[in-house]
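Read off the chains here:
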Amino acid sequence: MDTIEIGTTTVTETEIEGVKEYAWDDTHIYQIGIESFPGHITNTYLIMDGEVNLFDTGLGGKKALKELERGLEIISTHFRQKVKLEDISGIIISHGHADHWGLLSHPELKGKKVYIHELDSETLVDFQKRLTGAKERIKNFVNQAGWDLEMDNIFSLDKLQVRIADYELVKLTNGQKIIADYEVYHVPGHSPGSILLKIGPVLFLGDLILSETTPHQLPGSLIEGCGLRLYLNSLKKAASFGNLLGLPAHEEIIYSIKDRADEITVFHYHRLLDILDLCATEKNLFQITDEYYQLRSEYINGKTIAELTRDDQILALEEIRAHLDYLIEDGKVIMTETDNGVLKYHAQ
Ligand SMILES: [Zn+2]
């Protein structure tokens, strides 16, 4: 058992069979990893303080449910906090991406309260409609990027759907308090309705701040409420809470939110400068993305864009376009449209 001092509170950290406990006073929080995609773990957190609530669910079918139930079993037997799936009263969702709520598509969790920010709540209400709309926008976006990509079966989540009527949906807003005075803060950027949740000395980070990866940037020109500028402002907001223990939705816990927020901010400023350099001559988004990742191939494991999966190629385009949007807003880059609809960028 380790102890972590947060202000005047001592938080104990204990790990048994892959489940981590963070505890102080009468509050026990358990981190349970659920494999959402092969190799992609979502950290879900069971919050026990008289009530039992879950923060994020992970994506997936029976296997994901089994992983959650295995976590509850370890908590019951090794941590001696008896808990079953039926004891969970509410599920709080950090943001509308499917690896954070997909397990709601399974009937085992129905009847519970589901808390999600109002701007991401539509994703739960009619996911397939949203997915169809998003795919159309992405096709158009890729055409404008000057890339001839095969666009069938992108982001294969075609069977995923939540029967929202099975749940009691609670739409969240900034500054709201829920359950036992848990504080909700709106931090748009990674998604329009991303939230932080503050409980005593801990801050649930969702995908705003991760320990290793810099979270994916979606261009605000593609999805309103996303974008690098909003995201960087949200990082500042997270850092402004002072010394709290950061519990992210992927990867490892974060002992200094401010230090990690600063690292990620500096990373994006470097990326902006690299991209501005690449815009010295006029190029389309595909060319800029390709050249950027040749220059910085360490960020895609030494690969080239051509070697990525098609979905990852789209993510790479989105990431670079999010930075171009920022430079365009600042008047540093000019965007022009060519006759065939492809957008080109050059530095001012
Ligand atoms: Zn995620």
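Our structure is the block above this text.
Since the structure is predicted, the reported quantities are computational estimates derived from the model, not experimental observations.

Reading the values: the criteria
- Residues numbered from 1 in each chain as written.
- Predicted model: local features only at pLDDT ≥ 70, side-chain atom pairs only at ≥ 80, totals over all residues.
- Heavy atoms only, no water.
- Pairing = 2+ DSSP bridges.
- Helix = DSSP H or I, 4+ residues; strand = E, 2+ residues; numbered from the N terminus.
- Axes fitted to C-alpha atoms, helices over the stretch in contact; angles between N-to-C directions.
- Core = buried A, V, L, I, M, F, W, Y, C linked by side-chain atoms within 4.5 Å.
- Buried < 20%, exposed > 50% of the residue type's maximum accessible area, 1.4 Å probe, protein only.
- Phe/Tyr/Trp six-rings, centres within 6.5 Å; stacked < 30°, edge-to-face > 60°.
- Lys NZ or Arg CZ within 6 Å of the ring centre and 35° of its normal.
- Donors = N, O, S within 2.8 Å, 3.2 Å for Na, K, Ca; no water.
- Tetrahedral: all angles 85-135°; square planar, octahedral: opposite > 155°, others 65-115°.
- Expected span 1.5 Å × (residues − 1).

### A word on the sheet that holds strand β7 (residues 90-92)
Here is step 1: Sheet architecture is open: nine strands sit in the order β1-β2-β3-β4-β5-β6-β7-β8-β9, paired in mixed fashion. Each edge of the open sheet is held by one strand with a lone partner, namely β1 (2-6) and β9 (168-172). This sheet shows a mean twist of 25° between the axes of neighbouring strands, independent of strand direction.
Here is step 2: Pairing of β7 with strand β8 (residues 113-117), which is carried by three bridges, proceeds in the parallel orientation.

### Structural notes on the nonpolar core
Here is step 1: Counting residues in hydrophobic clusters, the biggest one holds 72 residues, and the most contacted among them are I29, L197, F204, I209, L245, L247 and L324.
Here is step 2: Ranked by size, the runner-up nonpolar core spans 35 residues in total, among them I34, L104, V114 and L124.

### Notes on the packing of aromatic side chains
Here is step 1: Counted according to the given criterion, the structure contains eight aromatic pairs.
Here is step 2: Ring plane angle 65° and centroid distance 5.1 Å describe the contact between Y30 and F79, whose orientation is recorded as edge-to-face. Remark: F79 occurs in the loop between α1 (62-77) and β7 and Y30 occurs in strand β4 (residues 27-37); sequence separation between them is 49 residues. No difference in accessibility class separates Y30 from F79, as the two residues are buried.
Here is step 3: Ring centres of Y292 and Y293 lie 4.9 Å apart, and the angle between their planes is 90°; on these two criteria the pair is classed as edge-to-face.
Here is step 4: Above the face of the Y326 ring, R229 is positioned so that its terminal group lies 3.9 Å from the ring centre.
Here is step 5: For R271, the ring lying beneath its charged end belongs to Y299, and the centroid distance is 5.3 Å.

### With respect to the coordination of the zinc ion
Here is step 1: In this structure, D99 (OD), H100 (NE2), D207 (OD) and H250 (NE2) serve as the protein donors to the zinc ion, at separations of 2.0 to 2.5 Å.
Here is step 2: Relative to the metal, the four donor atoms surrounding the zinc ion lie at angles of 87 to 161°, and the coordination shape comes out irregular.
Here is step 3: Every donor residue of the zinc ion comes from the same chain, spaced as D-H-x106-D-x42-H. Within this pair, whereas D99 is found in the loop between β7 and β8, its partner H250 is found in the loop between β14 (245-248) and α5 (257-278), the two being separated by 151 residues in sequence. Each member of the pair, D99 as well as H250, is classed as buried.

### Let's talk about the sheet that holds strand β12 (residues 195-199)
Here is step 1: Strand order in the open sheet formed by five strands is β10-β11-β12-β13-β14, with mixed pairing between adjacent strands. Looking at which strands have only one partner, the edges of the open sheet turn out to be β10 (177-178) and β14.

### As for helix α7 (residues 310-329)
Here is step 1: Taking 1.5 Å of rise per residue, 20 residues should cover 28 Å, and α7 covers 29 Å from first to last C-alpha, within 8% of that figure.
Here is step 2: Among the 20 residues that make up α7, 14 are buried, leaving the element largely enclosed by the rest of the structure.
Here is step 3: Count one or two residues on from α7 and you reach G331, which has phi positive near 75°.

So, to be careful, I would describe these as geometric facts and stop short of saying anything about function.
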